[in-house]
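Residues per chain are reported as follows:
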Amino acid sequence: MRAVVENGKLVGLENRATGEQYLRAGAPDLLALGVRYKDDPQGHWAVADGVPVAVEDAKDSVEYEFKALRRNSESIPVVFRVRYSLGASGDLVVKAYCSSERPGVGEVEWTLNGIDPDLTLILPIRSGVQIRKTDALMKTGNFLWPVWWKAQLAIAESPRGGGFWVFGQDTAQRFKTLYVERNDQQHALGFGTQNQAPFDVLTRGQSIEWHIDAFGGDWRTPAGHYRQWMESVYHPAEKHRNQPAWVKDLQAAVTWAPIFPKVPPAANQSNPSPGQRLVTKELFEQFAAQVDPSKTVLHIPNWRSDPYDQFYPRYEPSEDFINFVQWARAKGFHVMPHFNYFAISTTSDFYKKYSLFQMRDPFSGGLEGWRWDTEQPTRMAYMSPALPEWRDELVGRIKSVVDRLKLDAVFIDQTLLNVNDAGGLVDGITSIEGNLRFHEQLAKALPGVAIGGEGLTEISYQYESIAQGHCQPNNSPDTPDDVRTAHSICSYLFSPYTRFVGYTGRDPMLVAGFMRAIGGIPTLVGLNAANTNPETLKKILQPAAPEATRQP
């Protein structure tokens, strides 16, 4: 790789093996170096202003200093520095620093503009996306790590082979943001690093070290390097040691699967509880005859005596579910009931005692919760997973259900979500570390039980064997373009430890295409006469191409 830096910005990037230049000279900035303060809207920040001075110009490094940040017509006195240096492996290492006279420093940004639009962006966003010049997808967007940005890297692949990638190797688990801006002339990527909230009095900030390197071959070359780095740092093989082997053999999944009632509807005239969806035993029997139940997992949302997504953390199984589990186990299905890892009803005794530990947004300071600004029965608070009393409470309740019903799988909703809590550290740790400790504690409490979760991140893959896969931009694949722009990078990064199942979607064939595109398990969203007729089901159950992921 050959890199050219001018006035604090990377303006040239060449793959010496191919001679290809990846940045367009003279392209106007879509994203700018700078700082996002506490009161700045998402995706907007104060821009490094003026012509910088080179404060250090050595053989293997150069550092530039700006004296001010500009936000609209306002100038903010700062010392803002960005340093480019040669890494140990021959890559380019970038780091930005800020010391501000104004408090409230929330995030330090480094940006890369002018990327040739003929390159395909391959990004571990949602469950993986690929963005080409002609795509309308994602002209602008920002994605928080470790929530929607699943791993701290971005790949730009050339249609002629090779390309370049930007990656972090941060082990301190700092919150980061990937910014994307595009037009017909260029792609632009921004890389933000957040301070630990609260930001109110903070006047300093610095980014992690961002690495840039060229590569040969296709996207699997840099993705493989990053996967090896994750394995060396996180040791997922050791953490998955007690997870069951049957997950690797799964051939089908049903998400949001209904259950049939213990008493047939003809003999039971009462209406199901709100949100409860029931089907007939006969439909399940027909489905069981068309699949191998021992290689099929059923995610069950409506299994409690309470309505779905209400009154957490009360987890009392209904009589219908107890009866269903007995039938499903006899057939050989793997049943995975739905829990939630931090959403909690404000009416619960636990919330009344520990409400001070409800998490807060790092920029607005507002309380975090599900449908928090409504008065709906599903309104819930997001409890900090860093609170040990909460982890003990939730793990104990899940274990009680598992032991009682002899389950071999559990699904924990919202495990992708991590909040840079403006309430500050709890028990000396962040919510990310709390998320990890919850997973570790649950895995130890449930040896041999598969842990499933919503979404998948560099954090949650360390313990989860099954994860729902989201589509960009609206979680469900609603159009052929949503499927076409999906990519298997996340399956490649997180295999063979975690496998994707579908999240949601109205069209079963679009869901099937999406699952093949991301390298996931063929998935039915719900169970009904339409998606279980033999012709449709055969199409849905076609597996992904084997090269999409690394096989165990």
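Parameters at a glance
Residues numbered from 1 in each chain as written. Predicted model: local features only at pLDDT ≥ 70, side-chain atom pairs only at ≥ 80, totals over all residues. Heavy atoms only, no water. Phe/Tyr/Trp six-rings, centres within 6.5 Å; stacked < 30°, edge-to-face > 60°. Helix = DSSP H or I, 4+ residues; strand = E, 2+ residues; numbered from the N terminus. Buried < 20%, exposed > 50% of the residue type's maximum accessible area, 1.4 Å probe, protein only. Lys NZ or Arg CZ within 6 Å of the ring centre and 35° of its normal. Axes fitted to C-alpha atoms, helices over the stretch in contact; angles between N-to-C directions. Parallel < 35°, antiparallel > 145°, perpendicular 65-115°, else oblique. Left-handed = near helix turned anticlockwise from the far one by under 90°. Contact = heavy atoms within 4.5 Å. Pairing = 2+ DSSP bridges. Expected span 1.5 Å × (residues − 1).

## Looking at the packing of aromatic side chains
- In total, this model carries 35 aromatic pairs according to the counting rule given.
- Measuring from ring centre to ring centre gives 5.2 Å for tryptophan 219 and tyrosine 492, while their planes differ by 75 degrees; the resulting arrangement is edge-to-face. You can see tryptophan 219 sitting in the loop between strand E19 (210-215) and helix H1 (220-234) and its partner tyrosine 492 sitting in helix H9 (residues 489-494), a full 273 residues away along the chain.
- Seen in terms of ring centroids, tyrosine 354 and phenylalanine 357 are 6.3 Å apart; in terms of plane orientation they differ by 50 degrees. Their pairing is tilted.
- You can call phenylalanine 357 partly exposed: its relative accessible area is 30%.
- Three or more aromatic residues joined by ring pairs make a cluster, and in this case those are Phe260, Phe284, Phe287, Phe324, Trp327 and Phe333.
- Between lysine 176 and the ring centre of tryptophan 145, over which it is positioned, the NZ or CZ distance is 3.7 Å.

## Thoughts on the packing of helix H3 (residues 281-290) against helix H4 (residues 319-331)
- Two elements in contact, H3 and H4, have axes separated by 12 Å at closest approach and are oriented at 20 degrees. By the angle between their directions, the pair H3 and H4 is classed as roughly parallel. The two elements H3 and H4 cross, and the hand of that crossing is right-handed. Two secondary-structure elements touch here, H3 through Lys281, Phe284, Glu285 and Ala288 and H4 through Phe324, Trp327 and Lys331.

## Overview of the sheet that holds strand E3 (residues 20-21)
- In spatial order, the strands read E1-E2-E3; together these three strands make up an open sheet with antiparallel pairing. For this open sheet the edge positions go to strand E1 (2-6) and E3, each flanked by a neighbour on one side alone.
- Where E1 lies against strand E2 (residues 9-15), five bridges are found, and the strand directions are antiparallel. Within the sheet, the bridge partner assigned to valine 4 lies in E2 and is glycine 12.

## Notes on H1
- Between its terminal C-alpha atoms H1 stretches 20 Å, which fits the 21 Å expected from 15 residues at 1.5 Å a residue.
- For H1, the complete set of buried residues consists of Pro222, Ala223, Gly224, Tyr226, Arg227, Trp229, Met230 and Tyr234.
- At its buried positions, H1 is contacted by strand E14 (153-157), strand E15 (163-168), E19, helix H2 (236-239) and H9.
- Backbone geometry just after H1 places histidine 235 at a positive phi near 55 degrees.

## Considering unusual backbone geometry
- Cis geometry marks the peptide bond from alanine 197 to proline 198, where omega comes out at 5 degrees.
- With an omega of 10 degrees, the peptide bond between tyrosine 312 and proline 313 qualifies as cis.
- We note that arginine 126 has phi near 55 degrees; this positive angle belongs to a residue other than glycine.
- Relative to the assigned elements, arginine 126 resides in the loop between strand E11 (120-123) and strand E12 (129-131).
- Positive phi, close to 55 degrees, is recorded for aspartate 427, a residue that is not glycine.
- Structurally, aspartate 427 is set in the loop between strand E26 (409-413) and helix H7 (431-445).
- A residue is classified by how much of its surface remains accessible, and aspartate 427, at 54% relative accessible area, is exposed.

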